[in-house]
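In case you want the letters, here they are:
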Amino acid sequence: MTTKSKIILGLVGATAAGVLVGLILTPEKGADLRQKITKTAGDWADQLSELFTSAKNEIENLRSKGTKVASDAADRYKESFS
C-alpha cells in the first residue's frame, strides 16, 4: 500500500469517526438520527466502493507495466546472449 493510499484511507477513517460523533451528539429525535446515520453510511459505502475501484484499476495498471518491463528485460537478455 502506498503512502498516498494510506493517507487517503486515514483521512476517510478520521472523517467518518468525526461525522459519527457529530451525529450522535446532536439533539435530535432517534428516528431522525438513525435516518441520517443510514444515509451517511450509504454515502460512505459509495465513496469507499469508488476508492477501491480506483485502487483496483491502479494496481492493474501497475501489474501491466511490470509485466511489460519484465518482458522487455527478458527480450534484451535474450538478444545480448544470442
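Right, let's walk through the structure included here. (Residues numbered from 1 in each chain as written. Predicted model: local features only at pLDDT ≥ 70, side-chain atom pairs only at ≥ 80, totals over all residues. Heavy atoms only, no water.)

1. Section: the packing of helix α1 (residues 3-25) against helix α2 (residues 30-80)
Two numbers describe how α1 lies on α2: the axes approach to 11 Å, and their chain directions differ by 175 degrees. One element, α1, and the other, α2, form an angle in the roughly antiparallel class. Where α1 abuts α2, its residues Ile8, Leu9, Val12, Ala16, Val19, Leu20, Leu23 and Ile24 lie against Leu33, Lys36, Ile37, Thr40, Trp44, Leu48 and Leu51. For the contact of α1 with α2, the per-class residue count stands at 13 nonpolar, one polar and one charged. (Axes fitted to C-alpha atoms, helices over the stretch in contact; angles between N-to-C directions. Helix = DSSP H or I, 4+ residues; strand = E, 2+ residues; numbered from the N terminus. Parallel < 35°, antiparallel > 145°, perpendicular 65-115°, else oblique. Contact = heavy atoms within 4.5 Å. Nonpolar A, V, L, I, M, F, W, Y, C, P; charged D, E, K, R; others polar.)

2. Comments concerning the pattern of salt bridges
Applying the stated criterion to the full structure yields three salt bridges. A salt bridge links Arg63 to Glu60, with the nearest nitrogen and oxygen atoms 2.6 Å apart. Here Glu60 and Arg63 lie together in helix α2, a separation of three residues that amounts to about one turn. Judged by its relative accessible area of 37%, Glu60 is partly exposed. Put simply, Lys68 and Asp72 hold a salt bridge, and the shortest N to O gap is 3.1 Å. Taken together, the residues span about one helical turn, with Lys68 and Asp72 both in helix α2 at a distance of four residues. (Salt bridge = Lys/Arg side-chain N within 4 Å of Asp/Glu carboxyl O. Buried < 20%, exposed > 50% of the residue type's maximum accessible area, 1.4 Å probe, protein only.)

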